[in-house]
Amino acid sequence: MRRTRVPSRATVILLCLAALSAALTVPALAQNERSFLEGKVRAGGQVVVPADETVPGHLYLTGGTIRVDGAVEGDLVATGGQIDVSGTIDGDVLVAGGDVTVSGDVAGSTRVAAGRMTLSGDTAEDAAFAAGQVAIAQEALVGQDVLFTAGQVRLAGTVDGNVLGGTGDYEETGAVAGATEVVIPEPDEPPTAGERLLDRVQRYLALLIIGALALWLAPRSTRGGAADLRHRPLASLGVGALAMLAALAAAVALIILAALLTALFSLLELGGLAGLSITSGLLASAIVSFVVVAVSAFVAPVLVGLWLGQYAIDMQRSWATAFAALALGTLAVVAVATIPVLGGVLVVVVAVLGLGALTLQAWRRGRVGQGPPPTEPAYPQS
């Protein structure tokens, strides 16, 4: 059984330091290269390690364009848009980028996450990839195993170990000494007309249940959101788009903050706090994303449906008429989603409109000293 090297704690810490460097230098990515920790960490719009330079230890790079022509006596950790590694790496290569090429010799393992990955140099140990496209050139040699998750893989080089992975398109013209186990998923069969109809019916019933609960538990907010859509549709659309962008920014900021805290606690040898920081940051980011997706997929269509339905049914007479308006409008929302191409666009518009109306309601109710804006009454007047 081959012995596979795993990233050490130092590697994990330095990955966090790379995130720290990226966070500190994002405003200056268009500027010249900057160095930290006596050249161990480098960042900038363009980062170059010249051919006549030898780095005595690990090297951590982040930038728009990265080129490593020199030698690195430790691990190379890099994040960037375009990354080219043609020098000699005595340790492992850990890279995340848009377009990555590794043509130099790597004494350890090569691990890459990229949009497009090209390996044309020698890797003494494993080569692991998560990428859209992977190309292992004819002159490439992998001393141990090749592992990948990719959209497309072209293997023309030599692998002294095994090949294991999953891809939608695999071509092997090189030499593999061990076993090749590649999972190519079967193309999904298109759903039948009955399955599509059942899916629409199930979604319609789910939205009706959520809408009924909203009218019962939060009648003023629900009706107020529909009123905002009726009287201020453009404002709701704009606020909804801003809310989505703000949620995305918050999710990314939480991850960056977690990486920074993890790096800090790790350097202080507070391992428990480091683990708690990264776990908490990822969990908080996931919660923010989940809430936005859930509201956009289930609550927003209810508000838009109630808005559309009130044009046909006066929802102020009773709870029953409000529910009837909801049922009619939600049916229209579900129906338009089935239209090819246009339906997908309308689904996004519905999500943004509903999220904007909810945001406007929350903002008004959160203002100090002011109640909700005048809207239709929550319940019928006797």
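Our subject is the structure listed above.
Residues numbered from 1 in each chain as written. Predicted model: local features only at pLDDT ≥ 70, side-chain atom pairs only at ≥ 80, totals over all residues. Heavy atoms only, no water.

Caption draft 1: The pattern of salt bridges, seen in detail. If you walk through the whole model with that rule in mind, you get eight salt bridges. Put simply, Asp69 and Arg67 hold a salt bridge, and the shortest N to O gap is 2.8 Å. A relative accessible area of 24% means that Asp69 is categorised as partly exposed. We note a salt bridge from Arg200 to Asp199, for which the minimum N-O separation is 3.1 Å. The exposure class of Arg200 is partly exposed, given its relative accessible area of 23%. Taking the relative accessible area as the measure of exposure, Asp199 reaches 38% and is therefore partly exposed. (Salt bridge = Lys/Arg side-chain N within 4 Å of Asp/Glu carboxyl O. Buried < 20%, exposed > 50% of the residue type's maximum accessible area, 1.4 Å probe, protein only.)

Caption draft 2: Quick peek at the nonpolar core. Leu61, Val68, Met117, Leu119, Phe129 and Val146 are the most contacted members of the largest nonpolar core, which has 38 residues in total. Listed by contribution, the elements that provide at least two residues to this core are β2 (41-49), β4 (59-68), β6 (76-85), β8 (93-102), β9 (110-119), β11 (127-136), β13 (146-155) and β15 (163-172). Setting aside residues no more than four positions away along its own chain, Val68 makes contact with Val49, Leu61, Leu76, Asp84, Val85, Ser86, Gly87 and Ile89. (Core = buried A, V, L, I, M, F, W, Y, C linked by side-chain atoms within 4.5 Å. Helix = DSSP H or I, 4+ residues; strand = E, 2+ residues; numbered from the N terminus. Contact = heavy atoms within 4.5 Å.)

Caption draft 3: Region of interest: the packing of aromatic side chains. Throughout the structure, instances matching the rule amount to one aromatic pair. Between the aromatic rings of Phe148 and Tyr170, the centroid separation amounts to 6.0 Å while the plane-to-plane angle is 15 degrees, which identifies the pairing as stacked. Here Phe148 is found in strand β13, whereas its partner Tyr170 is found in strand β15, with 22 residues between them in sequence. The exposure class of Phe148 is buried, given its relative accessible area of 5%. We note Arg203 situated over the ring of Phe298; from NZ or CZ to the ring centre the distance is 5.6 Å. (Phe/Tyr/Trp six-rings, centres within 6.5 Å; stacked < 30°, edge-to-face > 60°. Lys NZ or Arg CZ within 6 Å of the ring centre and 35° of its normal.)

Caption draft 4: Region of the structure containing the environment of Asp84. Examined against the element boundaries, Asp84 turns out to sit in strand β6. On the basis of relative accessible area, Asp84 is assigned to the partly exposed category, the value being 29%.

Caption draft 5: Structural view of the sheet that holds strand β10 (residues 122-123). Read from one edge of the open sheet, four strands run β10-β12-β14-β16, paired in parallel fashion. The sheet terminates laterally at β10 and β16 (175-176), the two strands that pair on one side only. For β10 and strand β12 (residues 141-142), the ladder comprises two bridges, and the chain directions are parallel. Bridge pairing links Thr123 to Val142 in β12. (Pairing = 2+ DSSP bridges.)

Caption draft 6: Quick look at the layout of surface pockets. Within this model, the largest pocket holds a volume of roughly 170 Å³. Taken together, 13 residues make up the lining of the largest pocket; nearest its centre are Arg203, Ala297, Pro301, Val347 and Val350. Broken down by secondary-structure element, the contributors of at least two residues to the lining of the largest pocket are α2 (193-217), α5 (271-309), α6 (319-336) and α7 (342-366). Tallying contributions element by element places α7 first for the lining of the largest pocket, with four residues. (1 Å grid on protein atoms, 1.4 Å probe; cavity = no way out; pocket = protein on both sides within 12 Å on 5 of 7 lines; lining within 4 Å. Points joined across faces, edges and corners; volume = space filled by probe spheres on them.)

Caption draft 7: Region of interest: the sheet that holds β11. Judged by pairing direction, the sheet is mixed, and its ten strands sit side by side in the order β1-β2-β4-β6-β8-β9-β11-β13-β15-β17 without closing on themselves. Either end of the sheet is taken by a strand with one partner, and the two such strands are β1 (34-36) and β17 (180-183). Across the sheet, the mean angle separating the axes of adjacent strands is 15 degrees when strand polarity is ignored. (Axes fitted to C-alpha atoms, helices over the stretch in contact; angles between N-to-C directions.)

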